[in-house]
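Topology and contacts: notes
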Amino acid sequence: MAGKTLYDKLWDDHLVKQRDDGSALIYIDRQLLHEVTSPQAFEGLRLAGRKPWRIDANIATPDHNVPTTDRDRGVDGIVDPVSRIQVETLDKNCDEFGILEFKIKDQRQGIVHVIGPEQGATLPGMSIVCGDSHTSTHGAFGCLAHGIGTSEVEHVLATQCLVQKKMKNMLVKVNGTLGSGVTGKDVVLAIIGKIGTAGGTGYAIEFGGEAIRGLSMEGRMTICNMSIEAGARVGMVAVDDTTIEYVRGRPFSPEGEQWDSAVNYWRSLHSDDDAEFDKVVELEGSEIKPQVSWGTSPEMVVGVDGNVPDPDKEQDPIKREGIVRALKYMGLQANMPITDIKLDRVFIGSCTNSRIEDLREAAAVVKGRKVSPILKQAMVVPGSGLVKAQAEQEGLDKIFLEAGLEWRDPGCSMCLAMNADKLGQGEHCASTSNRNFEGRQGFGGRTHLVSPAMAAAAAVTGHFVDVRELMN
Amino acid sequence: MRAFTQHQGVVAPMDRSNVDTDMIIPKQFLKSIKRTGFGPNLFDELRYLDEGRPDQDCSTRPINPDFVLNQDRYKSASVLLARRNFGCGSSREHAPWALEDYGFRVIIAPSFADIFYNNCFKNGLLPIVIKEEVIDRLFQEVEQNEGYELSVDLEARTVTTPSGETFTFEVDDFRRHCLLNGLDDIGVTLEDAEWIQSYEQSRRKTAPWLFGAGGQ
């Protein structure tokens, strides 16, 4: 019999009951809650007269609606009354049910997918859910982590379980080493470009290979974060020394003897050598260039030295129609060089790229340079209050401010523009976020997905440029 | 949840692939703390010519006459015919809430994004996967015949065209059972409460670091 994949192991470890109809009850170790997808779940609990099954499994924070300025005023600083009610509702629900919440003025507040790992509330081997599709981020720790809808948030609150059907196994192997200036973001965009936004549908993806092993936890989180943009709810990386060193000493991490037995277990969280995958995709790390998305789907991506595609060269009629539509929305011409795309704004932030390493990479590029006068705005939004504090301790805030970038308070911000940070109609933005859908960053806004280093390079030049040219 | 057994209704064709959840219900409408009332903002950016706000009366907004749901022949549609990877993007359940609130009961496509597909079943909305060649043909038939209806039988797992042609589709037994009976699946899971407790007890022994609030 073949060995087990990492996903098989995590599945088996969380299996509460296999039912006759093919469905299974899976135990959930951790649920992260935020203000947008939880109010109806708490309301459902109340209406049914149910109580949370295990309060200490839940951690909450407001992130989608919070402003990135004027935070001293707390909830009162939220100008939009509808947004304010949503954040107040989360506070009220957490208070009522006794759930730990990092509220808007708590320094530990931040984007759910940043604060989980930062607090050690994300530990290897856990099953983790959140009413947010980017929950796949936590798979970087060898976790079974995925996004769920609000009905399932309620289901997990009430039962600590989910009804699931096992997914298929996919291995995405990135061989060799990455070139300098090429980051986790470029790797995952290249993967999505290769397999498409539905390439991972129905699969749990494990990212492996030398290039993945060589990445920091931040880089691995960026890759797992965007698994969902490849259609896969679950993305994972096996546990190794990098994982264990990251987790050590964090507030929720085990200590003493428990630490030793935890590490002992965590060391088993990798696919066996003889494990079989339903699908294997391989990429050569050395061939991956800094990536830029040109269209309205994350699979519409090319290397920075490439051109906007020509729909006339696409054979598949549905894809051709998609390219035509995307070019029209994005205001781009077929065959134009990516480096000719003029920008209006730059956004460095989001659950994909707002961790300390992301900010360091961006700061290294803008240091001693100035934001291009062509731009209307370039902003940096750290992923949490603690990331912000650390960046300030390292002097990164000064580098950004001296270069002319704005230094904001933590939250989801312009990734999805639920707060005041948004694009105007027709504006092009170099963004370190995860989705370039129509209207995602604001009505009529045009998003180009890039790495923090590439966004920083775009900020100082006003258009896309190969960041490696600025690094020499 | 409203049960779903059989349904017959007018079909509206949504002829584009990768329809994402931002398109189905843009983010400014996710600020509601309710489950209902999203229908008027379904496909907001495609359906109206202005920028939508949560506090608006949608009946006075300028509509996009080219958008399929604004055409008279599709106004009573309750079956949405769609293309590849429908519902990709976020986990927002507001997407099926908006479709259901608008009046859709069935979505037929060659493929769906996983989370969206799953969310539909929690809301009395039936997503049906049918292979692309058939979908292509259904698009043509809908286009050519005003008032074109499909009838769907979840018990029998069939879709039937006006000419009597029938296609079968696959659906998980558990999901089908819950939808046919309009079951609250939390109630179903809680019938296994003893299994959960016993799992939890053994997990407390083997992985005690997963319990207790830590960090506080």
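Now for a quick tour of the structure.

Reading the values: rules and limits
- Residues numbered from 1 in each chain as written.
- Chains lettered and ligands numbered in written order.
- Predicted model: local features only at pLDDT ≥ 70, side-chain atom pairs only at ≥ 80, totals over all residues.
- Heavy atoms only, no water.
- Helix = DSSP H or I, 4+ residues; strand = E, 2+ residues; numbered from the N terminus.
- Buried < 20%, exposed > 50% of the residue type's maximum accessible area, 1.4 Å probe, protein only.
- Contact = heavy atoms within 4.5 Å.
- Areas by Shrake-Rupley, 256 points an atom, 1.4 Å probe, with all protein chains shown as cover.
- Lys, Arg positive; Asp, Glu negative; His and termini not counted.
- Charge placed at Lys NZ, Arg CZ, Asp CG, Glu CD.
- Salt bridge = Lys/Arg side-chain N within 4 Å of Asp/Glu carboxyl O.
- Axes fitted to C-alpha atoms, helices over the stretch in contact; angles between N-to-C directions.
- Parallel < 35°, antiparallel > 145°, perpendicular 65-115°, else oblique.
- Left-handed = near helix turned anticlockwise from the far one by under 90°.
- Nonpolar A, V, L, I, M, F, W, Y, C, P; charged D, E, K, R; others polar.
- Disulfide = S-S within 2.5 Å.
- Phe/Tyr/Trp six-rings, centres within 6.5 Å; stacked < 30°, edge-to-face > 60°.
- Polar contact = N/O pair within 3.5 Å; in protein donor to acceptor, adjacent residues only side chain to side chain.
- Pairing = 2+ DSSP bridges.
- Buried area = accessible area lost by both parts, 1.4 Å probe.
- 1 Å grid on protein atoms, 1.4 Å probe; cavity = no way out; pocket = protein on both sides within 12 Å on 5 of 7 lines; lining within 4 Å.
- Points joined across faces, edges and corners; volume = space filled by probe spheres on them.

With that settled, the discussion passes to the overall build of chain B. Counting secondary structure elements, chain B contains eight helices and seven strands. Expressed as a percentage of the 216 residues in chain B, the buried residues total 59%. Within chain B, contacts between residues separated by at least 24 positions form 64% of all contacts whose residues are at least 6 apart in sequence. Here chain B has roughly 8900 Å² of accessible surface; of this, 45% comes from carbon and sulfur atoms. Across chain B, the 24 positively charged side chains and the 34 negatively charged ones have centroids separated by 4 Å.

All names here are of chain A. In total, this model carries 52 salt bridges over all chains according to the counting rule given. Note that Arg 345 is salt-bridged to Glu 427, the shortest N-O span being 2.6 Å. Here Arg 345 is found in strand β15 (residues 345-348), whereas its partner Glu 427 is found in the loop between β17 (406-407) and β18 (428-431), with 82 residues between them in sequence. In this pair, the class of Arg 345 matches that of Glu 427, namely buried.

Residues and elements named next belong to chain A. For the pair helix α12 (residues 356-366) and helix α14 (residues 396-403), interaxial distance at closest approach is 9 Å and the crossing angle is 40°. Compared by their axis directions, α12 and α14 come out oblique. In the crossing of α12 with α14, the sense of the turn from one axis to the other is left-handed. In this structure, α12 uses Ile 356, Leu 359, Arg 360, Ala 362, Ala 363 and Val 366 to contact α14, whose residues at the interface are Leu 396, Ile 399, Phe 400 and Ala 403. Its residues assigned to classes, the contact of α12 with α14 comprises nine nonpolar, no polar and one charged.

Before going further, it helps to spend a moment on the state of the cysteines. A covalent bond bridging the sulfur atoms of two cysteines is what the word disulfide describes. Scanning all chains against the criterion turns up zero disulfides over all chains. Lacking any disulfide linkage, Cys161(A) is separated from the closest cysteine sulfur, that of Cys178(B), by 15 Å. As a non-bridged cysteine, Cys178(B) has Cys120(B) as the owner of its nearest cysteine sulfur, 15 Å distant. Residue Cys178(B) is classed as buried on the basis of its relative accessible area of 7%.

A separate point is the packing of aromatic side chains. Residue and element names in this part refer to chain A. Applying the stated criterion across every chain yields a total of 16 aromatic pairs over all chains. The interplanar angle of 25° and the centroid separation of 5.4 Å between the aromatic rings of Phe 42 and Phe 97 together place this pair among those described as stacked. Residue Phe 42 is located in helix α2 (residues 39-48), and its partner Phe 97 is located in helix α3 (residues 81-97); the two are separated by 55 residues in the primary sequence. For the residue pair Phe 42 and Phe 97, the accessibility class agrees, reading buried in each case. Ring centres 5.8 Å apart and planes at 15° place the aromatic pair Phe 400 and Trp 407 in the stacked group.

Let us look at helix α15 (residues 452-461) of chain A. Residues and elements named next belong to chain A. Most of α15 is tucked away, with nine of its 10 residues classed as buried. Buried within α15 we find Pro 452, Ala 453, Met 454, Ala 455, Ala 456, Ala 457, Ala 458, Ala 459 and Val 460. At its buried positions, α15 is contacted by β13 (291-293), β15, α12, β16 (377-380), β18 and α16 (467-471). Positive backbone phi, approximately 85°, marks Gly 462, located one or two places after α15.

In this model, Ser413(A) sits at a positive phi of 55°, which is unusual for a non-glycine residue. Of note, Ser413(A) is situated in the loop between β17 and β18.

Turning our eyes to something else, we now look at the side chain of Asp409(A). Residue and element names in this part refer to chain A. For Asp 409, the position within the fold is in the loop between β17 and β18. Judged by its relative accessible area of 17%, Asp 409 falls in the buried class. Separated by 2.7 Å, the side chains of Asp 409 and Lys 388 make a polar contact.

Moving on: the sheet that holds strand β7 (residues 166-168) of chain B. All names here are of chain B. Here we have seven strands laid out as an open sheet, ordered β4-β3-β2-β1-β5-β6-β7, and mixed in their pairing. Whereas interior strands pair on both sides, the edge strands pair on one side only; in this sheet they are β4 (126-129) and β7. Shown here is a sheet whose adjacent strand axes are inclined to one another by a mean of 25°, direction ignored. The pairing of strand β6 (residues 158-160) with β7 spans three bridges and is antiparallel. Pairing of Thr 158 across the sheet is with Thr 168, part of β7.

Here the focus is the interface of chain A and chain B. Contact residues are listed per partner, giving 79 residues for chain A and 65 residues for chain B. Together, the buried faces of chain A and chain B total about 6100 Å²; carbon and sulfur atoms form 56% of this surface. Counting the contacts that link chain A with chain B gives 11 salt bridges. The salt bridge involving Arg84(B) is made with Asp316(A); its shortest N-O contact spans 3.1 Å. Joining chain A to chain B, the criterion identifies 36 residue pairs in polar contact (both at pLDDT 80 or more). In terms of residues, the side of chain A that touches chain B owes the most to one element, helix α5 (residues 150-159) of chain A, which gives seven residues. A class-by-class count of the residues in the side of chain A that touches chain B yields 30 nonpolar, 27 polar and 22 charged.

Let's shift gears to empty space enclosed by the protein. Under the criterion given, the structure shown has three cavities of 30 Å³ or more. Size it by volume and the largest cavity reaches roughly 230 Å³. Lining of the largest cavity is provided by 26 residues; of these, His64(A), Asp132(A), Leu416(A), Arg440(A) and Ser90(B) occupy positions nearest its centre. Split into classes, the residues belonging to the lining of the largest cavity amount to nine nonpolar, 12 polar and five charged. The volume enclosed by the second largest cavity comes to roughly 120 Å³. Every residue lining the second largest cavity is counted, 16 residues in all, and those nearest its centre are Ile228(A), Gly231(A), Cys88(B), Gly89(B) and Ala113(B). Here the residues of the lining of the second largest cavity sort into seven nonpolar, six polar and three charged.

This paragraph deals with the layout of surface pockets. By volume, the largest pocket is sized at about 1500 Å³. Forming the walls of the largest pocket are 50 residues, and the residues nearest its centre are Tyr117(B), Asn118(B), Phe121(B), Lys122(B) and Arg175(B). Among the secondary structure elements, those contributing two or more residues to the lining of the largest pocket are α2, α5 and β8 (161-164) of chain A together with α3 (94-102), α4 (114-121), α6 (173-181) and α7 (185-190) of chain B. Top element by residues in the lining of the largest pocket is α2(A). It accounts for five residues. Residues of the lining of the largest pocket, tallied by class, amount to 18 nonpolar, 12 polar and 20 charged.

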